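Observations on the three-dimensional arrangement
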Amino acid sequence: MPQNLQPDIIKGTLLSEYEKLENRHNDRNQVYANIIALKSEFGITDFHTPLYVDVKQWIKFAYKDCDSMDFGYDMPRFDAFDSVIKDFTPDKQVALYSCFIRTANLYGYDISAAETALQKAKIDRLRVSRNHLGYFCHQVVSNYWYLFSLILLILVVPCLIMLNAPCDGMAWFEKSLQDISGNRYLNIFANALIILFDIDTDTPVITPLNFGGVAAYCLGKLFFLFFIANFVYQKIIDYFARLSYE
């Protein structure tokens, strides 16, 4: 449709589409698709009803009318909805993807792609709101690279502690390591694995020698506990979110 159409013509076209919704014999799924396409093309977000509401109604009728559609047209494509939803703000994306998941799940359709998009929208919402802690906590659970990096960091810290201090005055810990490998660094790494994964063997002993050692040891423990608690908490939230869709 030409971009230079007069606003009155565009609004008139939209009104005629909205009038079609009053007749139940019309394909309301297609009518809402036409309305959304028009509004999106001309940057109209709040005429007659907000675009956000139009998209929710489109999702509803797309699945509600599936049983009356011919083969090949009776399975709504997530890509079609996703291309529209992703143009909204992250807050509205979260709400619309949740609406899509509830509706698709109600009618027994696959929701895996929508769940992935919802997680991405939640992360974008945290990023936009500058909630750095929430962003990090969510990424650790949903992004395997973040999870791998954090586990690597948790391994590196005890490895650094087990290295010998340049001089006795700088030593914060007294260490009693297991002799696993003839290579010094491999031996330190192996001892770190024993500590982290609580392998059933004689556990290496790391004893703080001063306040700095105690503080570092406590912070390390708290960080590890926070990592475990956050992982469990995020999984519980996801579990109950799934239950709410059923």
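Look above for the structure.
Computed from a predicted model, the values in this text were never measured in an experiment.

Procedures and definitions
Residues numbered from 1 in each chain as written. Predicted model: local features only at pLDDT ≥ 70, side-chain atom pairs only at ≥ 80, totals over all residues. Heavy atoms only, no water. Helix = DSSP H or I, 4+ residues; strand = E, 2+ residues; numbered from the N terminus. Buried < 20%, exposed > 50% of the residue type's maximum accessible area, 1.4 Å probe, protein only. Areas by Shrake-Rupley, 256 points an atom, 1.4 Å probe, with all protein chains shown as cover. Arc of directions from axis to C-beta. Contact = heavy atoms within 4.5 Å. Core = buried A, V, L, I, M, F, W, Y, C linked by side-chain atoms within 4.5 Å. 1 Å grid on protein atoms, 1.4 Å probe; cavity = no way out; pocket = protein on both sides within 12 Å on 5 of 7 lines; lining within 4 Å. Points joined across faces, edges and corners; volume = space filled by probe spheres on them. Nonpolar A, V, L, I, M, F, W, Y, C, P; charged D, E, K, R; others polar. Patch = residues over 30% accessible without salt bridge, like charges linked within 9 Å, V, L, I, M, F, W, Y side chains within 5 Å. Salt bridge = Lys/Arg side-chain N within 4 Å of Asp/Glu carboxyl O. Expected span 1.5 Å × (residues − 1).

A few words now on the overall build of the protein. Looking only at helices and strands, the protein has ten helices and four strands in total. Taken over 246 residues, the protein has a buried fraction of 35%. When the accessible surface of the protein is summed, it comes to about 15,800 Å², and 59% of that surface belongs to carbon and sulfur atoms.

Okay, helix α4 (residues 78–85) next. Within α4, the full set of buried residues consists of Phe-78, Phe-81, Asp-82, Val-84 and Ile-85. For α4, the arc enclosing every buried residue in end-on projection is 165°, short of the 170-degree limit, so these residues lie on one face. Where α4 is buried, its residues meet α2 (28–42), α3 (51–64), α5 (90–106) and α6 (112–128).

Right, let's talk about the nonpolar core for a bit. Residues Val-55, Ile-59 and Phe-100 are the most contacted members of the largest nonpolar core, which totals 37 residues. Listed by contribution, the elements that provide at least two residues to this core are α1 (7–20), α2, α3, α4, α5 and α6. Those residues in contact with Ile-59 that sit more than four places away from it in its chain are Phe-81, Ile-85, Leu-96, Cys-99, Phe-100 and Thr-103. With seven residues, the next largest nonpolar core counts Cys-159, Phe-173, Ala-192 and Ile-206 among its residues.

Moving on: empty space enclosed by the protein. Applying the stated criterion across every chain, the model contains one cavity of 30 Å³ or more. Volume-wise, the largest cavity comes out at about 30 Å³. As for the largest cavity, its lining consists of Phe-136, Val-140, Leu-150, Phe-226, Phe-227 and Asn-230. Those elements giving two or more residues to the lining of the largest cavity turn out to be α7 (132–142) and α10 (211–245). At three residues, α10 tops the list of elements feeding residues into the lining of the largest cavity. Each residue belonging to the lining of the largest cavity can be placed in one class, and the counts come to five nonpolar, one polar and no charged.

With that settled, consider a nonpolar patch on the surface. Judged by side-chain polarity, Trp-145, Phe-148, Leu-152, Val-156 and Leu-160 come together as a nonpolar surface patch covering roughly 570 Å² of accessible area. Tracing the chain through its elements places Trp-145 in helix α8 (residues 144–162). The exposure class assigned to Trp-145 is exposed, which follows from its relative accessible area of 67%.

Look at His-48: it is not a glycine, yet its phi comes out positive at around 70°. Its location among the elements puts His-48 in the loop between β1 (46–47) and β2 (49–50).

For α1, built from 14 residues, the straight-helix expectation of 20 Å at 1.5 Å per residue is met to within 8% by its first-to-last C-alpha distance of 20 Å. Burial in α1 covers these residues: Ile-10, Leu-14, Glu-17 and Tyr-18. When α1 is viewed along its axis, its buried side chains cluster within an angular range of 100° and face the same direction. Facing away from the buried surface of α1 by more than 90 degrees, the exposed residues are Asp-8 and Glu-19. Buried-residue contacts for α1 involve α2, β1, β2 and α3.

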